[in-house]
Amino acid sequence: MTFGDFQQLCSSTPSYPWCNLFYRQLQRLSPGTLKGVSSNATSAPVGVNPQCGILRIGNEGSVGNVANIAVCGASIIFVIFLIVLCNRRKAAVGRVEFRTLLIFYLLTLPFQLVTTGSFLQQGSQELVIVTAIHAGMVASFFWSLIANALVSTQVVEDGTPSSIIPYTLFSTAFLAGTLYVALDIALGITQTIGGASSPVESIRSIPLFVLTSIWPAAASFLYLCIMGYVVLSVLQESRPMYFYLLSAALFVLAQLALFLLNRVICKGSSTKIDGSFVATLLETAAVGVLYLAWNSITEGAWEDEGDGPYYN
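Residues numbered from 1 in each chain as written. Predicted model: local features only at pLDDT ≥ 70, side-chain atom pairs only at ≥ 80, totals over all residues. Heavy atoms only, no water.

1. What about unusual backbone geometry?
Stated precisely, the cut-off is as follows: Labels follow the DSSP assignment, with helices taken as runs of H or I lasting at least four residues and strands as runs of E lasting at least two, numbered in each case from the N terminus. Only protein chains enter the accessibility calculation, which uses a 1.4 Å probe; a residue whose area is less than 20% of its type maximum is buried, one above 50% is exposed, and one in between is partly exposed.
One non-glycine residue, Ser118, adopts positive backbone phi at about 60°. Here Ser118 is to be found in the loop between α4 (95–116) and α5 (125–152). Residue Ser118 is classed as buried on the basis of its relative accessible area of 7%. In this model, Ser270 sits at a positive phi of 55°, which is unusual for a non-glycine residue. As for its placement among the helices and strands, Ser270 is situated in the loop between α8 (239–268) and α9 (276–297).

Have a look at this one:
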């Protein structure tokens, strides 16, 4: 693989959502490249000439990516529960920002359910648009992660315009920028940033790779470093750090499950399910542990009437 190359990912990683964009690109510019299960758009699974993939619902008895659909549904309920708990912690530092982080993750789940569930026909404009929005929401979520870390340092006062306005502006910028790149790849709207690679069969996009792979990894690492400083240096605590490390470990395991375990489960189940449900489960668990970490360093109520939020 070269930097920005999606060909190997779309072939060997079942239910990798960004491949929906490249399927449409190839369908538009080089349809002869789509072979095997990808040759028939009506039944094609997620991916580009995948080595293993779940056929679209209704084809050869397929019920779609049922395992990941179920886990996404359960994750939606779980994250809503976390948002409710977050709302109850009226005095907690960064409550508004952390609640927004949870909302961003919550919003990615229905899009993931559709982009990986084998519901919509490959190459369809509907699937392309949903996938592009999904990519934008993922990029925005990881900015939200960084913003929460900065708020935790209390460089700016949480819940105030000085925090909320930059938070919103950068979230919108990541969403809009990634959405543009994704749509440009699939639909060739401008051929400026997301234009087709040369040759088109190599399905390569450095901007999309950076926004959906490099940026999440970098943001997660930076978040862990900042929170390590806050917890160990500012608060001089050790217990909350275990939560942050556990959350990071679960996130890494989720990526390993997606890229290494995914195809194994797909082939082992005769294309009935794949490992994307394991990745989703681990990612949701990472978010849950992140809530425990935030909960452990903040107080949920004011000690005295009129006091502001404070750390433990």
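2. Here we look at the UniProt feature "transmembrane region" (unreviewed entry) in the protein chain
Heads up, the rule is: UniProt positions are given in the numbering used here, feature names are shortened, and annotations may be inferred rather than shown by experiment.
Cross-referencing UniProt, the feature "transmembrane region" (unreviewed entry) maps to residues 66–86, 98–120, 127–152, 164–187, 208–235, 241–261 and 273–294 in the present numbering. As a span, residues 241–261 carries 100% helix and 0% strand, and end to end its C-alpha atoms are 28 Å apart.

3. Here's the deal with the packing of α5 against helix α6 (residues 161–187)
Just so we agree on the cut-off: Here the axes come from fitting lines to C-alpha atoms, over the contacting stretch only for helices, and the angles between their N-to-C directions go from 0 to 180 degrees. An angle below 35 degrees is treated as roughly parallel, one above 145 as roughly antiparallel, one from 65 to 115 as roughly perpendicular, and anything else as oblique. Throughout, a crossing is termed right-handed when the near helix is turned clockwise from the far one, and left-handed when it is turned anticlockwise from it by less than a right angle. Each residue gets one of three labels, nonpolar for Ala, Val, Leu, Ile, Met, Phe, Trp, Tyr, Cys and Pro, charged for Asp, Glu, Lys and Arg, and polar for the others, Gly among them.
Two elements in contact, α5 and α6, have axes separated by 8 Å at closest approach and are oriented at 150°. As judged from the angle between their axes, α5 and α6 are roughly antiparallel. Here α5 and α6 pass one another in a crossing that is right-handed. For the contact of α5 with α6, a count of residues per class yields 20 nonpolar, seven polar and no charged.

4. Re the packing of helix α3 (residues 66–88) against α4
As a reminder, the rule being used: Residues count as neighbours in contact if any of their non-hydrogen atoms are within 4.5 Å of one another.
The N-to-C vectors of α3 and α4 enclose an angle of 165°; their axes lie 9 Å apart at closest approach. Here α3 lies roughly antiparallel to α4, going by the angle between them. The two elements α3 and α4 meet at a crossing, and its hand is left-handed. Of α4, the residues touching α3 (which contributes Asn68, Ile69, Cys72, Gly73, Ser75, Ile76, Val79, Ile80, Leu82, Ile83, Cys86 and Asn87) are Arg95, Phe98, Arg99, Leu102, Ile103, Tyr105, Leu106, Leu109, Pro110, Gln112, Leu113 and Thr116. Across the contact of α3 with α4, the residue classes tally to 16 nonpolar, six polar and two charged.

5. Topic: the nonpolar core
So the rule is basically this: What makes a nonpolar core is a set of buried Ala, Val, Leu, Ile, Met, Phe, Trp, Tyr and Cys residues whose side-chain atoms join them at distances within 4.5 Å.
Core analysis: the largest hydrophobic core is formed by 79 residues, its most contacted members being Phe6, Val48 and Tyr244. Broken down by element, the residue count for this core peaks at 13 residues, all from α5. The residues touching Tyr244, leaving out its near neighbours within four places in the chain, are Tyr223, Leu224, Met227, Val231, Leu290, Ala293, Trp294 and Ile297.

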